[in-house]
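Residue-level structure breakdown
Residue strings, one per chain:
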Amino acid sequence: MNRVRTLVLDEVESTQDAARTHAAMGAPEITAILSFNQTSGRGRQGRTWASPAGKNIALSLLLRPAVHPERGALLGMLASVAVMETLADLGLGLNLGLKWPNDVLCSNRKIAGILSEASIHGNRLDFVIVGVGVNVNTRAGEFPASLKTRATSVYAETGRMRDLSTVAELLIERFTGLYDQALENDLAGVARLWEQRWVHKGRLVRRPDAVGTAEHIDASGALILRDERGKLLRITSGEAEIVEKIDTGAGA
Ligand code: BTN
């Protein structure tokens, strides 16, 4: 039985908001809100997520897993694994990997981003909306100037367009399979699955509050850094930019 109800919207401001409306009306999991024309997409950390009309996938998945709220972040990670596997299965030889917390990279540029929003009541996870934006047919010249060196798409990498409905369908199917499997174990295996695809393990990471070597990902999806004194730091939100060398401010 297909347990996903997919609603395709010709145009939407944000599939996240549409999914939230459905959640408030009591929609069951898995409700998928899909659009190829999202006009006010939202990104992580209050950023916007821009996408030219008709070029890319905007998908929000309404989930109601019976797990502890602390495990909610793992769902975004699971979605990034699903995106990576879906893109790999296109057979185009894309050089894919994951960046903490849940970006999908292709040749070191971002090809997909994930925004996970949870509704928690007390000790209970009411629902999670996992929003997935995948750059499929955007041309290199269509990315905003600020993203030109940091973003990419399937088309920009390969010169080949893909049918958006087909890719979205494959992605939903892949996510559902991984989700059902992960739930058998209360999402306990997700961090390991994610870590196997992590491209920055062992690299030097800089954040406004810390610098350290990317050590591992703990069971709830937090990034564990080791600072220069050997102390372990647990990072649960924000970004983790990679640096080649620590800038000490000293001249050459
Ligand atoms: C990021 O900042 O990397 C996350 C981007 C998430 C974008 C997706 S597109 C579908 C869903 N709807 C939104 O408004 N945002 C997410």
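Residues numbered from 1 in each chain as written. Predicted model: local features only at pLDDT ≥ 70, side-chain atom pairs only at ≥ 80, totals over all residues. Heavy atoms only, no water.

**Looking at the packing of aromatic side chains**
The geometry of an aromatic ring pair is captured by the separation of the ring centres together with the interplanar angle, meaning the angle of the planes. The criterion, for reference: Pairing of aromatic rings covers Phe, Tyr and Trp, the last through its six-membered ring, and needs centres within 6.5 Å; plane angles under 30 degrees mean stacked, over 60 mean edge-to-face, and all others mean tilted. Labels follow the DSSP assignment, with helices taken as runs of H or I lasting at least four residues and strands as runs of E lasting at least two, numbered in each case from the N terminus. In this scheme, a residue with accessible area under 20% of its type's maximum is buried, one over 50% is exposed, and one in between is partly exposed, where area comes from a 1.4 Å probe on protein chains only.
If you walk through the whole model with that rule in mind, you get 2 aromatic pairs. Their ring planes at 20 degrees and their centres at 5.6 Å tell us that Phe175 and Tyr179 sit as a pair that is stacked. Note that Phe175 and Tyr179 are positioned in helix α4 (residues 164–183) at a spacing of 4 residues, about one turn of the helix. On the basis of relative accessible area, Phe175 is assigned to the buried category, the value being 1%.

**Some points on the site of the ligand**
Rules: One heavy atom suffices: a residue is near a molecule or strand as soon as one of its heavy atoms comes within 4 Å of it. The term polar contact refers here to a pair of N or O atoms within 3.5 Å; inside protein, the definition further demands a hydrogen-donor-capable atom paired with an acceptor-capable atom, and it admits residues adjacent in sequence only when both atoms are side-chain atoms. Surface exposure here means Shrake-Rupley accessible area, sampled with a 1.4 Å probe, where a residue is shielded only by the protein chains that are shown.
Close to the ligand lie 20 residues, the nearest being Ser14, Gln38, Arg42, Arg44 and Lys110. Side-chain polar atom of Ser14 to an oxygen atom of the ligand: 2.7 Å apart, as the coordinates give it. Between the ligand and Arg42 there is a distance of 2.7 Å, counted from a nitrogen atom to a backbone nitrogen or oxygen. Considering the ligand on its own, with 420 Å² of exposed area, one finds that the protein chains cover 99% of that surface. For the shell around the ligand, the secondary structure elements donating two or more residues are α1 (15–24), β3 (41–42), β5 (57–63), β8 (109–121) and β9 (124–134). Broken down by element, the shell around the ligand gets its largest block of residues, 4 residues, from β8.

**Side note on the side chain of Thr31**
With respect to the secondary-structure elements, Thr31 resides in strand β2 (residues 31–35). Classification of Thr31 as buried rests on a relative accessible area of 1%. Within the structure, Thr31 has its side chain in polar contact with the backbone oxygen of Pro28 (distance 2.6 Å).

**Focus on the sheet that holds strand β11 (residues 210–217)**
What counts here: What makes two strands pair is DSSP finding at least two bridges between them. Where helices are involved, their axes are fitted lines through C-alpha atoms of the stretch in contact, as for all axes, and angles between N-to-C directions lie from 0 to 180°.
Taken in spatial order, the 5 strands of this open sheet run β13-β12-β11-β10-β14, and their pairing is antiparallel. With partners counted over all chains shown, the strands left at the sheet margins are β13 (232–235) and β14 (241–243), one partner each. Averaged over all pairs of adjacent strands, the angle between strand axes in this sheet comes to 50 degrees, irrespective of strand direction. In this sheet, β13 lies alongside strand β12 (residues 223–226) in antiparallel orientation, the contact comprising 4 bridges. Bridging from a neighbouring strand, Ile224 pairs with Arg234 of β13.

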